[in-house]
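Coordinate analysis (summary)
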Amino acid sequence: MTSPQRFENKVVFVTGAARGQGRAEAVRFASEGADVIAIDACTEFASTPYPGATRDDLAETVRLVESTGRRIVAATADVRDFDGLSRALADGIDRLGRLDVVIANAGICSGALSWEITAEQWQETVDVNLTGTFHTAKAAIPYLIEQGEGGAVVFTSSVSGLKGTPFTGHYVATKHGITGLAKTMANELGEHRIRVNTVHPAGVDTGMKMRDLHPLITKYASTLGSIYQNTLPYTITQPEDVAAVVAWVCSDEAKYITGAQIPVDLGNLIR
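To start, this report covers the structure provided alongside it. What you see is a predicted model, and the numbers here were worked out from it, not measured in a lab.

1. Topic: helix H5 (residues 169-189)
Along an α-helix, residues three or four positions apart point the same way, because every turn accommodates 3.6 residues. Relative to the 30 Å expected for 21 residues at 1.5 Å per residue, H5 spans 30 Å between its end C-alpha atoms, a close match to the ideal helical length. Among the residues making up H5, those that are buried are His-170, Tyr-171, Val-172, Thr-174, Lys-175, Ile-178, Thr-179, Ala-182, Met-185, Ala-186 and Leu-189. Residues of H5 that are buried in the fold lie against helix H4 (119-147), strand E5 (151-156), strand E6 (194-201) and strand E7 (261-264).

Below is the structure:
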């Protein structure tokens, strides 16, 4: 089945694009006609229980986007580094000619009881998830305003941006922060026809194996484990399913939606 060409002649900027949701979003938008600016840190993080994305992962994203017939400008850049991020975005815009959609997707996670989170865990999670999202928006929004044609911005939050999922206090704090930042930016940017929304997945099969979280869920199964239960009879979401929702909320079909929190959560948030 041929995808609708809702983003023909548009350019989308995706962070954390080397794998998982970021890759799925880059490919989804390309399949609908967009050219892509893609960045990823392609590095190891000290606080995560899973390996970081690699340059080979980012190269695979490039291959998949190009296989759709669309153009992609990919760079290794860390959302914690505002100057490096800004240079990568500027280069992409120079080469592709414009900017229409911004997806601040880069993020990390680890598990621990709140009072046992190390200072290093806390700082790295805040720097990547929250400050990285702010940097992405700060770098991109002036282009959208100057272009004067509106635009769509999506921040990847989580069910943890709307509820207190146990064992992820640092992650929860950043995802709640992302949700609040999006609401404020939606208010500020409405006059420019720039929409800002958040998406809130439950578990997504991204390759981020949470070896430090799952034992805690098991240990506290009788008291806290139910907070992770879904309503629908599925255990995990695929990145492509989240990407489909992100594409919809960035399309003209959702042109009246801004400042919203879009759940892709298997009914987790109603439990």
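Read on, since the account is not over.
2. Looking at unusual backbone geometry
Positive phi outside glycine occurs at Asn-9, with the angle close to 65°. By the secondary structure assignment, Asn-9 is in the segment before strand E1 (11-15). Positioned with a positive phi, Arg-193 is a non-glycine residue whose angle comes to about 60°. With respect to the helices, strands and loops of the structure, Arg-193 is situated in the loop between H5 and E6.

3. Looking at the pattern of salt bridges
Under the criterion given, the structure shown has 11 salt bridges. The salt bridge involving Arg-63 is made with Glu-60; its shortest N-O contact spans 2.7 Å. With Arg-63 and Glu-60 both in helix H2 (residues 55-66) and 3 residues apart, the pair spans about one turn of that helix. For Arg-63, a relative accessible area of 45% translates into the label partly exposed. Here Asp-78 ties to Arg-80 by a salt bridge, and the two come within 2.7 Å at their closest N and O atoms. Counted as one network, the salt bridges with shared partners bring together Arg-6, Arg-28, Glu-32 and Glu-253.

Parameters and conventions
- Residues numbered from 1 in each chain as written.
- Predicted model: local features only at pLDDT ≥ 70, side-chain atom pairs only at ≥ 80, totals over all residues.
- Heavy atoms only, no water.
- Helix = DSSP H or I, 4+ residues; strand = E, 2+ residues; numbered from the N terminus.
- Expected span 1.5 Å × (residues − 1).
- Buried < 20%, exposed > 50% of the residue type's maximum accessible area, 1.4 Å probe, protein only.
- Contact = heavy atoms within 4.5 Å.
- Salt bridge = Lys/Arg side-chain N within 4 Å of Asp/Glu carboxyl O.

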